[in-house]
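# Overview (structure and organization)
What follows is each chain in one-letter form.
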Amino acid sequence: MNIFSDYDRFVKAFPAKGALAAFRQSGQDYALQKGLPTRKDEDWHYTSVKAVSDLQFTSDLGSSAPLNSDLVTEIKKHLNPQFTNVVFVNGILEKSLTDDLPFGFALKEDFAFPTKFDDAFDAVNGAYAYNPLSISLAKETAVEKPVNFLFFTAKSPSSPRMLHPRLQIDIGARSSVRILESYYGDQDSRYLVNSVVELNVADSAKVTYARIQADTESAFNIGRTRINVEKNATLETMAFSVGAQLSRHTLEVALKGPGSSSGIFGVYATRGSQHSDNTTLIDHQVGECSTEQLYKGILDNESRAVFSGKVLIQKGAQKANSSQLNNNLLLSQKAEADSKPMLDIYADDVKAAHGSTVGQLNKEELFYLLSRSIPKHKAISMLSYGFLSEVIYKISDEKIQHWLSLHLDQAFARLQVAEATQKS
Amino acid sequence: MDNKSSNNPLESYEYKYGFTTDIETDQVPLGLNEDIIRLISSKKNEPEWMLEYRLKAFRHWQTMVEPTWAHVSYPKIDFQAIRYYSAPKKTKEGDAPKSMDDLDPELIKTFEKLGIPLSEQKRISGIAVDVVFDSVSVGTSHTEVLDKAGVIFCSISEAVQKHPDLVKKYFGSVVPYADNYYAALNAAVFTDGSFCYIPKGVRCPIDLSTYFRINAKDTGQFERTLLICDEGGYVNYLEGCTAPQRDENQLHAAVVELVALDNAEIKYSTVQNWYTGDKEGRGGIYNFVTKRGKAAGKNSKISWTQVESGSAITWKYPSCILQGDNSEGAFYSVALTHDKMQADTGTKMIHIGKNTKSTIISKGISTGQSSNAYRGQVKIMPSAENARNYSQCDSMLVGDQCSASTYPYIEVKNKTATLEHEATTSRISEDQIFYLQSRGMDMEKTISMLVNGFCKEVFKELPLEFSVEAVKLIEMKLENSVG
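Bear in mind the structure is a predicted one, so any value in this text is a computation, not a measurement. (Residues numbered from 1 in each chain as written. Chains lettered and ligands numbered in written order. Predicted model: local features only at pLDDT ≥ 70, side-chain atom pairs only at ≥ 80, totals over all residues. Heavy atoms only, no water.)

### Structural notes on the overall build of chain B
Helix and strand content of chain B: 10 helices and 24 strands. Across the 483 residues in chain B, those meeting the buried criterion constitute 63%. Contacts in chain B between residues at least 24 apart in sequence constitute 84% of all its contacts with a sequence separation of at least 6. For chain B, the exposed area adds up to about 18,000 Å²; of that, 48% sits on carbon and sulfur atoms. (Helix = DSSP H or I, 4+ residues; strand = E, 2+ residues; numbered from the N terminus. Buried < 20%, exposed > 50% of the residue type's maximum accessible area, 1.4 Å probe, protein only. Contact = heavy atoms within 4.5 Å. Areas by Shrake-Rupley, 256 points an atom, 1.4 Å probe, with all protein chains shown as cover.)

### A few points about the overall build of chain A
Within chain A one finds 9 helices and 20 strands. In terms of overall dimensions, chain A is globule-like: its C-alpha atoms have a radius of gyration of 21 Å, near the 22 Å expected for 424 residues. Dimensions of chain A, computed from the C-alpha atoms along their principal axes, are close to 70 × 55 × 45 Å. Treating the 45 positive side-chain charges of chain A as one cloud and the 49 negative ones as another, the clouds have centres 1 Å apart. (Rg over C-alpha atoms; globule rule 2.2 N^0.38 Å. Lys, Arg positive; Asp, Glu negative; His and termini not counted. Charge placed at Lys NZ, Arg CZ, Asp CG, Glu CD.)

### Some thoughts on the interface of chain B and chain A
Taken together, the contact between chain B and chain A spans 34 residues of the former and 36 residues of the latter. The junction of chain B with chain A conceals about 2,800 Å² of combined surface from both sides, 45% of it contributed by carbon and sulfur atoms. For the chain B face of the interface with chain A, the top three residues by lost area are Tyr409(B), Ile410(B) and Lys415(B), together amounting to 23%. Remark: the boundary between chain B and chain A carries 3 salt bridges. Put simply, chain B and chain A have 18 residue pairs in polar contact (both at pLDDT 80 or more) between them. Within the residue set of the side of chain B that touches chain A, elements represented by two or more residues are β23 (403–412) and β24 (418–426) of chain B. (Buried area = accessible area lost by both parts, 1.4 Å probe. Salt bridge = Lys/Arg side-chain N within 4 Å of Asp/Glu carboxyl O. Polar contact = N/O pair within 3.5 Å; in protein donor to acceptor, adjacent residues only side chain to side chain.)

### Section: the pairing of strand β14 (residues 261–270) of chain A
Residues and elements named next belong to chain A. Burial analysis of β14 places 9 of its 10 residues in the buried class, the great majority of the element. In the sheet, strand β12 (residues 234–241) pairs with β14 via 8 bridges, with the strands oriented parallel. Across the sheet, residue Ala239 finds its bridge partner in β14, namely Gly266. Relative to strand β16 (residues 290–299), β14 runs parallel, the two sharing 10 bridges. When the sheet's bridge partners are listed, Ser262 is paired in β16 with Thr291. (Pairing = 2+ DSSP bridges.)

### Concerning helix α6 (residues 363–371) of chain A
An α-helical turn contains 3.6 residues, so any two residues separated by three or four positions project in the same direction. With a side-chain oxygen positioned 2.8 Å from the backbone nitrogen of Glu364(A), the residue opening α6(A) is Asn362(A). Two residues or fewer after α6(A) comes Ser373(A), characterised by a positive phi angle close to 55°.

### Section: the pairing of β24(B)
Across a regular strand the side chains alternate sides, sitting on one face of the sheet and then on the other. Where burial is concerned, the two faces of β24(B) differ: the one with Leu419(B), His421(B), Ala423(B) and Thr425(B) is buried and the one with Thr418(B), Glu420(B), Glu422(B), Thr424(B) and Ser426(B) is not. Here strand β20 (residues 351–359) of chain A runs beside β24(B); their pairing, made up of 7 bridges, is antiparallel. When the sheet's bridge partners are listed, Val358(A) is paired in β24(B) with Leu419(B). As judged from the 9 bridges shared by strand β22 (residues 388–398) of chain B and β24(B), these two strands associate in the parallel manner. Counted as the bridge partner of Tyr390(B) is Glu420(B) from β24(B).

### Details of unusual backbone geometry
Only a minority of non-glycine residues have a phi that is not negative, and only a minority of peptide bonds are not trans. Of note in this structure, Gln187(A) is not a glycine but carries a positive phi near 40°. Structurally, Gln187(A) is set in the loop between β8 (176–185) and β9 (191–201). Even without glycine at this site, Asn355(B) takes up a positive phi of about 50°. In this structure, Asn355(B) sits in the loop between β19 (348–351) and β20 (357–367).

### Observations concerning the nonpolar core
One recurring pattern in soluble globular proteins: nonpolar side chains tend to sit buried together. Counting residues in each nonpolar core, the largest one holds 95 residues, and the members touching the most others are Phe149(A), Ile171(A), Ile227(A), Val253(A) and Ile313(A). Of all the elements, β9(A) adds the most residues to this core, at 5 residues. Contacts of Val253(A), omitting those with residues within four sequence positions, involve Ile227(A), Val229(A), Leu235(A), Ile264(A), Leu281(A), Ile282(A) and Asp283(A). With 54 residues, the next largest nonpolar core counts Leu55(B), Phe171(B), Leu185(B) and Phe222(B) among its residues. (Core = buried A, V, L, I, M, F, W, Y, C linked by side-chain atoms within 4.5 Å.)

### Looking at the packing of aromatic side chains
In the structure shown here, the tally under the stated rule is 36 aromatic pairs over all chains. Geometrically, the ring pair formed by Tyr84(B) and Phe222(B) is stacked, given 5.2 Å between the ring centres and 20° between the ring planes. Note that Tyr84(B) is positioned in the loop between α2 (48–63) and β2 (86–88) and Phe222(B) in the loop between β7 (207–213) and β8 (224–229), a separation of 138 residues in sequence. Overall, the relative accessible area of 0% leaves Phe222(B) in the buried class. Over the ring of Phe387(A) we find Lys296(A), and its NZ or CZ is 4.3 Å from the ring centre. The ring of Tyr234(B) is capped by Arg203(B), whose NZ or CZ atom sits 3.9 Å from the centre of that ring. (Phe/Tyr/Trp six-rings, centres within 6.5 Å; stacked < 30°, edge-to-face > 60°. Lys NZ or Arg CZ within 6 Å of the ring centre and 35° of its normal.)

### Remarks on the environment of Val307(B)
Residues and elements named next belong to chain B. Topologically, Val307 is positioned in strand β14 (residues 301–308). Residues Val307 and Ala470, spaced 163 residues apart in sequence, show a C-alpha to C-alpha distance of 6.9 Å. The residues touching Val307, leaving out its near neighbours within four places in the chain, are Thr270, Val271, Gln272, Val334, Phe459, Leu462, Ala470 and Ile474.

### Overview of the packing of helix α7 (residues 376–392) of chain A against helix α8 (residues 398–414) of chain A
Helix packing for two helices is described by the angle between their axes and how far apart those axes are. All names here are of chain A. Packing of α7 against α8 brings their axes to within 11 Å, and their N-to-C directions diverge by 150°. In this view, α7 runs roughly antiparallel relative to α8, as classed from their interaxial angle. Every pair of crossing elements has a handedness; the one defined by α7 and α8 is right-handed. Seen from α7, the contacting residues are Ser381, Ser384, Tyr385, Leu388 and Ile392; seen from α8, they are Gln401, Leu404, Ser405, Leu408, Asp409 and Phe412. By residue class, the composition of the contact of α7 with α8 is 6 nonpolar, 4 polar and 1 charged. (Axes fitted to C-alpha atoms, helices over the stretch in contact; angles between N-to-C directions. Parallel < 35°, antiparallel > 145°, perpendicular 65-115°, else oblique. Left-handed = near helix turned anticlockwise from the far one by under 90°. Nonpolar A, V, L, I, M, F, W, Y, C, P; charged D, E, K, R; others polar.)

### Some words on helix α7 (residues 181–189) of chain B
Within α7(B), 9 of the 9 residues are buried, which leaves it mostly tucked inside the rest of the structure. Two or three places before Tyr182(B), at the start of α7(B), stands the capping residue Asn180(B), its side-chain oxygen 2.9 Å from that residue's backbone nitrogen.

### Observations regarding the pattern of salt bridges
Inspection of the entire model under this criterion finds 45 salt bridges over all chains. Note that Glu158(B) and Lys162(B) form a salt bridge whose closest N and O atoms lie 2.8 Å from each other. Here the residue Glu158(B) and the residue Lys162(B) both occupy positions in helix α5 (residues 156–162), the gap between them amounting to 4 residues, near one helical turn. Note on Glu158(B): relative accessible area 31%, which makes it partly exposed. Asp179(B) is the partner of Arg292(B) in a salt bridge, and the nearest nitrogen-oxygen pair spans 2.8 Å. Pair noted here: Arg292(B) is in strand β13 (residues 284–295) and Asp179(B) is in the loop between α6 (164–170) and α7, with a separation of 113 residues, a long-range link. The exposure class of Arg292(B) is buried, given its relative accessible area of 12%. Salt bridges linked by common partners bring Asp118(A), Asp119(A), Asp122(A), Arg166(A), Glu198(A), Arg224(A), Arg226(A) and Glu252(A) together as one network.

### Some words on the packing of helix α9 (residues 443–459) of chain B against helix α10 (residues 464–478) of chain B
All names here are of chain B. Here α9 crosses α10 at 145°, and the two axes come no closer than 10 Å. Between α9 and α10 the crossing geometry is right-handed. In contact with Ser448, Val451, Asn452 and Phe459 of α9, α10 contributes Ser467, Ala470, Val471, Ile474, Glu475 and Leu478. Looking at the contact of α9 with α10 residue by residue, the classes come out as 6 nonpolar, 3 polar and 1 charged.

Structure follows, in structure tokens:
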């Protein structure tokens, strides 16, 4: 029994016709043939999904009864009035909590289903696709409010739920927009989120994309984001990960037109026995693009974090300029950081550099704070917070900066830095 | 700087070691099975335990799958089409040459061509050499000086006969036969190699060196080197290799094991110049080697220095297991690839002991249509308090048809560890070229000077003779690399 085995029940409960039905079947076929990745797959070397494959999930969506008021209060905690919120509860759009999309957005008639899958999770997402959302933003439109696609998972009465959100957004030429994709869950509930998000950024558009993963600490979050970047576009992305027992975010950025510039950022804070994996692929298909990558994380208790980033500069992508940096801070003796920054370069006139560090807090900085009579656990917390907030301030939008800082505060409140201090 | 493929680098560079030597050889039939292994073992008059070890390795090898994860591509190797033993025929059956003078004159000529002074009269380099020709060691020089110091330096087959205790104790202790596919194959069919033991407190009076040459057609070379440096010992070990020019690919799957006990230090340097294949990528050596050192004792040190400028495919990761407290490991590497060569090389540093330190400096230069990858792992085990690692991997690209990759694997399980990894990829700076040219240097000299400067950090780690050879080798390979 695994995540593939509920397929027949799902297709009966949520029937589909035409392209969607065919897409579901192709996903299921691929997933069954390929199986979930194991640590023998080079891309999953440091992350085992055995915990996921051992569980039986239900593909039930939505809830039979209307939302009760407790749940609504709980969900509302995660809404930001400064954003346009689009809320999905248990995989189904909850119209009562959703704001109107700003001017310029349109629902697309047909979903452009991909013809191939990257791995079994990508395919399983296709197999259980339910009403995938495809929207477009007209050209030359500046959207003022950030749009937040919020996915909330409630407790399930039976076996844990699995949700497979799929979202496709086309951003028109010379438009500017900020998009958030956020994940939360009900208290200690256990569930699996397996998302696929695709962004197509047209010429000279300016896009900020943040993925906030603040799931419950018994949840699993496997996410994939594909971004195609055209000529002269500007892109900022943030993979913010503080929740889930096991999380993995795969970010693929394909640079398809010259002159674009991208900032790829990530923040992770793990505690307990959490496992957080960030995998990135920056694919310079054409020349004259610049990318900057910075992922930083702090690890407490027995948690583990993985960063595996690849920069590919293809033949002919001359004048590419790429940097990549991953810094890890280990707060506990039993935490583990694995870092695999990779360069694959097939063009000669390029600048590419990467770096990776793993270490502990600077003793002098700590001493300075202690000498100012700040208690040790607080000093550690302050320094680690400063370490991470550097990345948050890389995002140019202040509203998003602020929103991310709030999430970081909550995560820090949970970190048991004090306890770790006494032990070490 | 213009690097069109039409005036591709290294067009006129030719392999100068590509001759073959016409020597009568003693060979076993092609192919691999238990009988061949028994035959090799009996030819070497090995004790029963060695044969058992070989067979165990062979049986394990049969259960293994050929690894494919490296960033290299080659047609599948037919292990049954390789000859696993080939030795120059001795004048009388079973009669080993007593001194260098008894060797086949053809053989001595071969090594003179290669510039290896075998004859003891010519003490040109003052280095003790063990020469491995195809499958067997043909002679060791400077035995007197070494005997005086108590250093054992001989072929591994001789060591199996004369020093079985040492061999039994350390053989396979660093690279067990089950380690990987090629190590298992080597353990089953290894034919010869060097053995060296530095006793307690001895600083080896002269540098030691092994010279490998593949001569016969269809043969693979599977040599095995075991180097033990007892407490407080020191040794500087050099290794060189060449092969004749042939159209088909030849396999070289060696295993090198180093053991350093308390306060011992081993410096192991390699200049690898196997035949690279021709411009179309025909022929050349597949160099699939397992090299590993165990810094087992306190304050022990192991350093690997390599200049990889040959082989059609290089696939090796000289590694250090830093087990003793305060032990140190180092890896200095220059890998130059040209035409259709492929290299996937790097190191592994496994930190186990407290206060262990490792340094990795890797320089890759790719030209022509070659591909050059650095792959390295730094692993800090929970027991390795205050471990320190510094890694730097720089790649240089000459021409727009080649590729450079960097795949570091960093695994940290102890919070007191400090790790830094840095890598850059770029081509030769136009400003530097302009500066040197404005001083009246021609393009060729300019490039060779800049490349040598790029590699300097590694070259300075090589012993003097090797350092000169390495600079020359790189210069030679870069001739006409720019138009």
